[in-house]
Amino acid sequence: MEETKWEPKVVGFLCHWCSYAGADLSGSARLEYPHNIRIIRIPCSGRVDPMFILRALQNGVDGVIVSGCHPGDCHYQSGNFHARRKFAVIRRLLDYVGIEPERVQFSWVAASEGPKMAQVINEFVEGVRKVGPNRLFKDERRDGE
Amino acid sequence: MENRLKEEAGKLLKEGKVDYIVGYGKGSVKFRTSPLITNKEEELENLVINPFIANNLSRYPIELKARVGIVVKGCDSRSLISLIQDKKVNREDVVILGVPCEGVVDIKKIEKHIGKDIDQIEEIKREGENLTIQANGSNQTLSFKDAIFDKCLGCEYPTPLEYDVLLGTEISPKPDMEKSLMRIKELENMDATDRWSYWREEFSKCIRCYGCKNVCPACFCERCFIDVNIPQWVNTYATWQDNLVFQLIRTLHVAGRCSDCGECERACPVGIPLRSLQRKMVEEVKDLFDYEAGVDKDALPVFTHYEDTDPEEFIK
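Each value, and the rule that gives it
Residues numbered from 1 in each chain as written. Chains lettered and ligands numbered in written order. Predicted model: local features only at pLDDT ≥ 70, side-chain atom pairs only at ≥ 80, totals over all residues. Heavy atoms only, no water. Domains from an automatic or database assignment. Contact = heavy atoms within 4.5 Å. Buried area = accessible area lost by both parts, 1.4 Å probe. Salt bridge = Lys/Arg side-chain N within 4 Å of Asp/Glu carboxyl O. Polar contact = N/O pair within 3.5 Å; in protein donor to acceptor, adjacent residues only side chain to side chain. Nonpolar A, V, L, I, M, F, W, Y, C, P; charged D, E, K, R; others polar. Pairing = 2+ DSSP bridges. Helix = DSSP H or I, 4+ residues; strand = E, 2+ residues; numbered from the N terminus. Axes fitted to C-alpha atoms, helices over the stretch in contact; angles between N-to-C directions. Expected span 1.5 Å × (residues − 1). Buried < 20%, exposed > 50% of the residue type's maximum accessible area, 1.4 Å probe, protein only. Parallel < 35°, antiparallel > 145°, perpendicular 65-115°, else oblique. Left-handed = near helix turned anticlockwise from the far one by under 90°.

## Some thoughts on the domain arrangement of chain B
Residue and element names in this part refer to chain B.
Stage number 1. For chain B, the assigned domains are domain 1 (2-106 + 148-304) and domain 2 (107-147).
Stage number 2. Contact residues are listed per partner, giving 15 residues for domain 1 and 16 residues for domain 2.
Stage number 3. When the two sides are added together, the surface that domain 1 and domain 2 hide from each other amounts to roughly 1400 Å², 56% of it contributed by carbon and sulfur.
Stage number 4. The largest per-residue losses of area from domain 1 upon contact with domain 2 belong to Phe31, Asp106 and Ile148, which jointly make up 41% of the total buried on that side.
Stage number 5. At the junction of domain 1 with domain 2, the criterion picks out 3 salt bridges.
Stage number 6. Between Lys179 and Asp146 there is a salt bridge, with its nearest N and O atoms 3.9 Å apart.
Stage number 7. Where domain 1 packs against domain 2, one counts 11 residue pairs in polar contact (both at pLDDT 80 or more).
Stage number 8. A per-class count over the side of domain 1 that touches domain 2 returns 8 nonpolar, 1 polar and 6 charged.

The following block contains the structure:
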């Protein structure tokens, strides 16, 4: 059987008010972004629990992107400011334990930024493609190669 | 110091200012101490203060839900202040008996240095900057600095930051950060993949006893995410993947509250270097937000507020 080419599978946590609408806009503007992303809509980037990111990686996705409104634009006034603090420590901790920085990305994308959303997803998926499949949580002894 | 403590504790109980005294008593294992919680004056005789008072007692006021007279060292006072900041403990409900502390002796380090088991050690005596250890009838000396916990080497607050009674004189800090953070620096200099294998190897040992979370004064959630089963975030049986994810999330939950008391690592029965995770986050929080946990009881906890100027160069 012919070997199928590996395609990265990434999950995107996009906030309902900005980034999700931004992704929607890039779609209606017929801009192309890779099908590798599975988008999960969340109410606010402040809703993102570090558990979402770690569990996604543990369950085998190759990358996680979290995107919310630009600082100052939050529908709930301060959700993304609080999120920004959390993301900063999550970022540092993931680097420290040795998770490739390309696998987890944080972005600000507004509802009007359709082209930026497409570009962000494109670049992110390319980055993940470069670091290859996520074998972090694979157990060679149990799961095989 | 010990007599002064007994006297002050007795006074507090007699005058009815507190319901309980939380201090250190003699442990069941040689040299070690264990928490002594009592409301009886006659039991105060068993209170001790010595170079082995490793336990961080600041967790007890939350669990006792009463007025408590509590014995704290410098690091413990930061945990307690952190709990006051988080409104888990009322400042009015605690009478803080502060112990200035030059460092707590790590018996494991002594065992390693002199190559003898704790059962063979008969006496440990402090003489100035040295410890004299009597084992199997012969004496050995060891520098006090070589015998204390790594966290104590880098201690910046040897005198409690908040107290009602100070049992002793203030001590000026002499932190040796290089030695205290040695293991973290070693890890930082490793390759990312090596670091991952390192933690993977360490967490393969974890038996999920939850000692780290049970002993941690910053782990005060009434229901831990580990006990939540809808959805079940982490499997309840021990696999290295789940052990690691559990500890990473715990690390993030206590980031900004952790005062590097080192209890998690001390409690760990399989010897996972947990302090290398927690202390690293203490450094990161300081670097990112210029914030230290438990230094100012009136300051807002770091993750309950934000600044417009918070770092975001990592956000693309």
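And the narrative resumes.
## Here's the deal with the sheet that holds strand β5 (residues 121-127) of chain B
Residues and elements named next belong to chain B.
Stage number 1. Sheet architecture is open: 3 strands sit in the order β5-β6-β7, paired in antiparallel fashion. Of all the strands in the sheet, just β5 and β7 (138-143) have a single pairing partner and so form its edges. Within the sheet, the average angular offset between the axes of one strand and its neighbour, ignoring direction, is 20 degrees.
Stage number 2. As paired elements, β5 and strand β6 (residues 130-135) share 6 bridges and run antiparallel to each other. Residue pairing for β6: Arg126 is matched across the bridge by Leu131.
Stage number 3. Across the face of the sheet, helix α4 (residues 107-114) comes into contact with β5, β6 and β7 while running at roughly 70 degrees to β6.

## So, helix α3 (residues 74-85) of chain B
All names here are of chain B.
Stage number 1. Between its first and last C-alpha, α3 extends 17 Å over 12 residues, near the 16 Å set by a 1.5 Å rise per residue.
Stage number 2. Counting buried positions along α3 yields 12 of 12 residues, so the element is predominantly enclosed.
Stage number 3. What α3 keeps buried is the set Gly74, Cys75, Asp76, Ser77, Arg78, Ser79, Leu80, Ile81, Ser82, Leu83, Ile84 and Gln85.
Stage number 4. On its buried side, α3 packs onto β1 (20-26), α2 (60-64), β3 (68-72), β4 (94-98) and α6 (150-153).
Stage number 5. At the exit of α3 stands Lys87, carrying a positive phi of roughly 60 degrees.

## Digging into the packing of helix α3 (residues 79-97) of chain A against helix α13 (residues 275-289) of chain B
Stage number 1. It is at 10 Å that the axes of α3 of chain A and α13 of chain B come closest, and there the two elements cross at 135 degrees. Between α3 of chain A and α13 of chain B, the interaxial angle falls into the category oblique. In terms of crossing hand, the pair formed by α3 of chain A and α13 of chain B is right-handed. Contacts between α3 of chain A and α13 of chain B pair Arg85, Ala88, Val89, Arg92, Leu93, Tyr96 and Val97 of chain A from the former with Ser276, Leu277, Lys280, Met281, Glu284, Val285, Asp287, Leu288 and Phe289 of chain B from the latter.
Stage number 2. A class-by-class count of the residues in the contact of α3 of chain A with α13 of chain B yields 10 nonpolar, 1 polar and 5 charged.

## A short note on the interface of chain A and chain B
Quite often, the size of an interface is put as the accessible area lost when its parts meet.
Stage number 1. At the junction of the two partners, chain A supplies 37 residues and chain B supplies 44 residues.
Stage number 2. Summing both sides of the interface, chain A and chain B together bury roughly 3900 Å²; the carbon and sulfur share of this comes to 63%.
Stage number 3. When residues of chain A are sorted by the area they lose upon contact with chain B, Arg85, Arg92 and Tyr96 of chain A head the list and together hold 24% of the total.
Stage number 4. Along the contact surface separating chain A from chain B lie 6 salt bridges.

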